[in-house]
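Chain by chain, the residues run as shown.
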Amino acid sequence: MSELIPHQDLTVELYAARRHVYTRAFTGLFRNVRRAVGAMLLLLFFATGWLNMDGRQAVWWDLPARKFYVLGATFWPQDFILLSGLLIVGAFGLFFVTVWAGRLWCGYACPQSVWTWIFMWCEKITEGDRHQRIRLDQAPMGLGKFTRKFIKHGLWLLLALATALTFVGYFSPIRALAVEFFQGQADAWAYVWVGLLTVATYGNAGWLREQVCIYMCPYARFQSVMLDKDTLIVSYDAARGEQRGPRRKDAARGADGLGDCIDCTMCVQVCPTGIDIRQGLQIECIGCAACVDACDSVMDKMDYPRGLIRYTTEQQLAGQPTRTLRPRLLGYAAVLVVMLMLLASAFVLRPLAGLDVSKDRMLYRENSAGRIENVYTLKVINKDQHAHTYTLAAEGPDDLQWQGQRQVRLAGGDMATLVVQLSVASAPQTTQKLTFTLRNEQGATVNAASRFTGPAAR
Ligand code: SF4
Ligand code: SF4
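Values in this document were obtained by computation on a predicted structure and should not be read as measured data.

**Details of the overall build of the protein**
Link 1 in the chain: The secondary structure content of the protein amounts to 15 helices and 16 strands.
Link 2 in the chain: A compact globule built from 458 residues would reach a C-alpha radius of gyration of about 23 Å, whereas the protein, at 32 Å, exceeds it by more than 25%.
Link 3 in the chain: Its C-alpha atoms put the protein at 110 × 65 × 60 Å along the principal axes.
Link 4 in the chain: Split into buried and exposed, the 458 residues of the protein put 24% on the buried side.
Link 5 in the chain: By sequence separation, contacts in the protein at least 24 residues apart represent 66% of the contacts at least 6 residues apart.

**Digging into the sheet that holds strand 3 (residues 59-62)**
Link 1 in the chain: Here we have three strands laid out as an open sheet, ordered 3-4-5, and antiparallel in their pairing. Strand pairing shows two members of the sheet lacking a second neighbour, strand 3 and strand 5 (73-75), which therefore form its edges. For this sheet, the mean angle separating the axes of adjacent strands, direction not counted, is 15 degrees.
Link 2 in the chain: As defined by bridge partners, strand 4 (residues 67-70) adjoins strand 5 across three bridges and the pair is classed as antiparallel. In the sheet register, Val70 faces strand 5, and the bridge partner there is Ala73.

**Some remarks on the sheet that holds strand 11 (residues 388-395)**
Link 1 in the chain: Sheet architecture is open: four strands sit in the order 13-11-15-16, paired in antiparallel fashion. On the outer flanks of this sheet lie strand 13 (407-410) and strand 16 (445-452), each paired with one strand and no other. Here the average twist between neighbouring strands, direction ignored, is 25 degrees.
Link 2 in the chain: The sheet contact formed by strand 15 (residues 432-440) and strand 16 spans eight bridges and is antiparallel. In the sheet register, Arg439 faces strand 16, and the bridge partner there is Thr445.

**Re the site of ligand 1**
Link 1 in the chain: Surrounding ligand 1, one finds 16 residues, the nearest of these being Cys261, Cys264, Met266, Cys267 and Cys295.
Link 2 in the chain: For the shell around ligand 1, the secondary structure elements donating two or more residues are helix 12 (266-269) and helix 13 (290-302).
Link 3 in the chain: Per-element tally for the shell around ligand 1: the top contributor is helix 13, with three residues.
Link 4 in the chain: Considering only residue class, the shell around ligand 1 consists of eleven nonpolar, two polar and three charged.

**Overview of the packing of helix 2 (residues 80-101) against helix 15 (residues 327-349)**
Link 1 in the chain: Contact geometry for helix 2 and helix 15: axes closest at 9 Å, N-to-C directions at 160 degrees. On the basis of their axis angle, the class for helix 2 and helix 15 is roughly antiparallel. The crossing of helix 2 and helix 15 is left-handed. Between helix 2, through Leu82, Gly85, Leu86, Ile88, Val89, Phe92, Gly93, Phe95, Phe96, Val99 and Trp100, and helix 15, the contact on the second element is made entirely by Arg328, Leu329, Tyr332, Ala333, Val335, Leu336, Met339, Leu340, Leu342, Leu343, Ala346 and Phe347.
Link 2 in the chain: Broken down by class, the residue content of the contact of helix 2 with helix 15 amounts to 20 nonpolar, two polar and one charged.

**A few points about the nonpolar core**
Link 1 in the chain: Ranked by size, the top nonpolar core spans 40 residues in total, and within it Cys267, Ile277, Ala290, Cys291 and Ile309 carry the most contacts.
Link 2 in the chain: Only helix 4 (111-127), helix 6 (143-168), helix 7 (174-183), helix 8 (188-208), strand 6 (233-236) and helix 13 provide two or more residues apiece to this core.
Link 3 in the chain: Ignoring any residue separated from it by four or fewer positions in sequence, one finds Cys267 in contact with Ile277, Cys291, Ala294, Cys295 and Ile309.
Link 4 in the chain: Core analysis: the second largest hydrophobic core is formed by twelve residues, Val380, Ile381, Tyr390 and Phe452 among them.

**A look at the environment of Arg133**
Link 1 in the chain: Looking at the secondary structure, you find Arg133 in helix 5 (residues 130-138).
Link 2 in the chain: Exposure remark for Arg133: the 20 C-beta atoms within 10 Å place this residue in the buried category.
Link 3 in the chain: Each C-alpha atom, one on Arg133 and one on Tyr22, is 7.4 Å from the other, the two residues being 111 residues apart in sequence.
Link 4 in the chain: Beyond its immediate sequence surroundings of up to four residues, Arg133 is in contact with Tyr22, Glu123, Glu127 and Gly128.

**Re the domain arrangement of the protein**
Link 1 in the chain: Once the domains are mapped, the protein shows domain 1 (29-75 + 110-208) and domain 2 (353-457).
Link 2 in the chain: The gap between the C-alpha centroids of domain 1 and domain 2 is 49 Å.
Link 3 in the chain: Each partner contributes to the interface: domain 1 provides four residues, whereas domain 2 provides four residues.

**Overview of the pairing of strand 4**
Link 1 in the chain: As defined by bridge partners, strand 3 adjoins strand 4 across four bridges and the pair is classed as antiparallel. Counted as the bridge partner of Trp61 is Phe68 from strand 4.
Link 2 in the chain: Here strand 3 folds back onto strand 4 in antiparallel fashion, the turn holding four residues, of which Arg66 has a positive phi close to 55 degrees.
Link 3 in the chain: Where strand 4 folds back on strand 5, the antiparallel hairpin that results is connected by two residues, among which Leu71 adopts a positive phi of roughly 45 degrees.

**Focus on helix 4**
Link 1 in the chain: For helix 4, built from 17 residues, the straight-helix expectation of 24 Å at 1.5 Å per residue is met to within 8% by its first-to-last C-alpha distance of 24 Å.
Link 2 in the chain: Taken residue by residue, helix 4 has Ser113, Val114, Trp115, Thr116, Phe119 and Glu127 as its buried positions.
Link 3 in the chain: Residues of helix 4 that are buried sit in contact with helix 1 (29-48), helix 3 (104-109), helix 5, helix 6 and helix 8.
Link 4 in the chain: Positioned one or two residues after helix 4, Gly128 has a phi angle of 95 degrees, which is positive.

**What to know about the site of ligand 2**
Link 1 in the chain: As a matter of local geometry, ligand 2 sits amid 14 residues, with Cys271, Cys285, Cys288, Ala290 and Cys291 nearest to it.
Link 2 in the chain: Here the residues of the shell around ligand 2 are counted per class, giving twelve nonpolar, two polar and no charged.

Rules and cut-offs
- Residues numbered from 1 in each chain as written.
- Chains lettered and ligands numbered in written order.
- Predicted model: local features only at pLDDT ≥ 70, side-chain atom pairs only at ≥ 80, totals over all residues.
- Helix = DSSP H or I, 4+ residues; strand = E, 2+ residues; numbered from the N terminus.
- Rg over C-alpha atoms; globule rule 2.2 N^0.38 Å.
- Buried ≥ 20, exposed ≤ 12 C-beta atoms within 10 Å, placed from the backbone.
- Contact = placed C-beta atoms within 7 Å.
- Pairing = 2+ DSSP bridges.
- Axes fitted to C-alpha atoms, helices over the stretch in contact; angles between N-to-C directions.
- Near = placed C-beta within 6 Å.
- Nonpolar A, V, L, I, M, F, W, Y, C, P; charged D, E, K, R; others polar.
- Parallel < 35°, antiparallel > 145°, perpendicular 65-115°, else oblique.
- Left-handed = near helix turned anticlockwise from the far one by under 90°.
- Core = buried A, V, L, I, M, F, W, Y, C linked by C-beta atoms within 7 Å.
- Domains from an automatic or database assignment.
- Expected span 1.5 Å × (residues − 1).

Shown next, in the form of structure tokens:
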């Protein structure tokens, strides 16, 4: 008979409490690259909204008018196919970069990372480096601690507010918004959106930080299936680093059977997600290469060759050659090139005028001259930045007569609505096809299809 196992109270933690990550400051090549990329992106984000072109904000999503101005080009809702194309190109660009070099986007260009690095810099200048911050957090609240925290959160909030105002400034002209917002005269929705975005920026970059990358970002989940053995990833060279262990600085390299890792944990202390890269590739790794910079400076001090942690591939670590040009990468590159060409030609060839036709709900009527008449509402859109004069015409049943405005002059990006009546002498036997043509002074035309109905055609 089997022996009874005494009952034990087992507690399984399904929720791991967050471990606060205190990152250490460091210097190095990849930090400089990241700073340069971050500075460029921040400049792009904060400065673009202030650019003017053709007398208006150069990049402006005018939602009430349903017009989107992007550096001299005007887009209408009908052009949304271009936006879809742009998103597809962006997605394939991201797939290509991920297969080639892992999470480059996350480490260097993702807004979550860029803003988190600035917030971390604010933290460093107000509360000090890693050890000072740990000591400060453990100390009881006093005037010094309160002042440092107050300044840090004040800086975070200012940055978050500037970010939110800039973002909303792409939808509501930023020059007016910046003045009206602080005078209390901005639209109520502007306050709501700026408030929400300020809280989101402050929360994401100040408090949540690596939690966003680890638990909230979907890209972190699927990127791992995109990596292969030839993808460049930040890796620890275990063959070279193990057996890890501390040693005297003047100890000979390899003495006592030790590898190159001196177990200083600098790579862990600089990691923004708080992981130990020596345990292998982990989903938390955003590929920022902070650990590469930290370990390289340790290697320099030890007079060991750099690259114990480096950008490498699984193949290289296993002593195999890396295949850069592999089918998956070439496939993504090919799709990316084709999509870019399609997008560029769709952009260049898109008509710079738009014509929308809607037929009146009343099928037909007899006018005072006894003719059968149909009524149409024509929406004429000038998608160009310059003024144009447009002439309208219609082709369909014989003996078609036009009543109403035939010519309209529109300023760049403007739209006009015209109501016209078309009539024929005798009722058509069937519903007749009708084509409206819009022609500008240079002869460029846009067509729109409609139909003509009469009593016999019902
Ligand atoms: S920084 Fe380099 S030497 Fe120090 S623990 Fe990390 S891998 Fe080892
Ligand atoms: S392990 Fe290295 S590359 Fe990955 S997130 Fe941490 S510091 Fe960045």
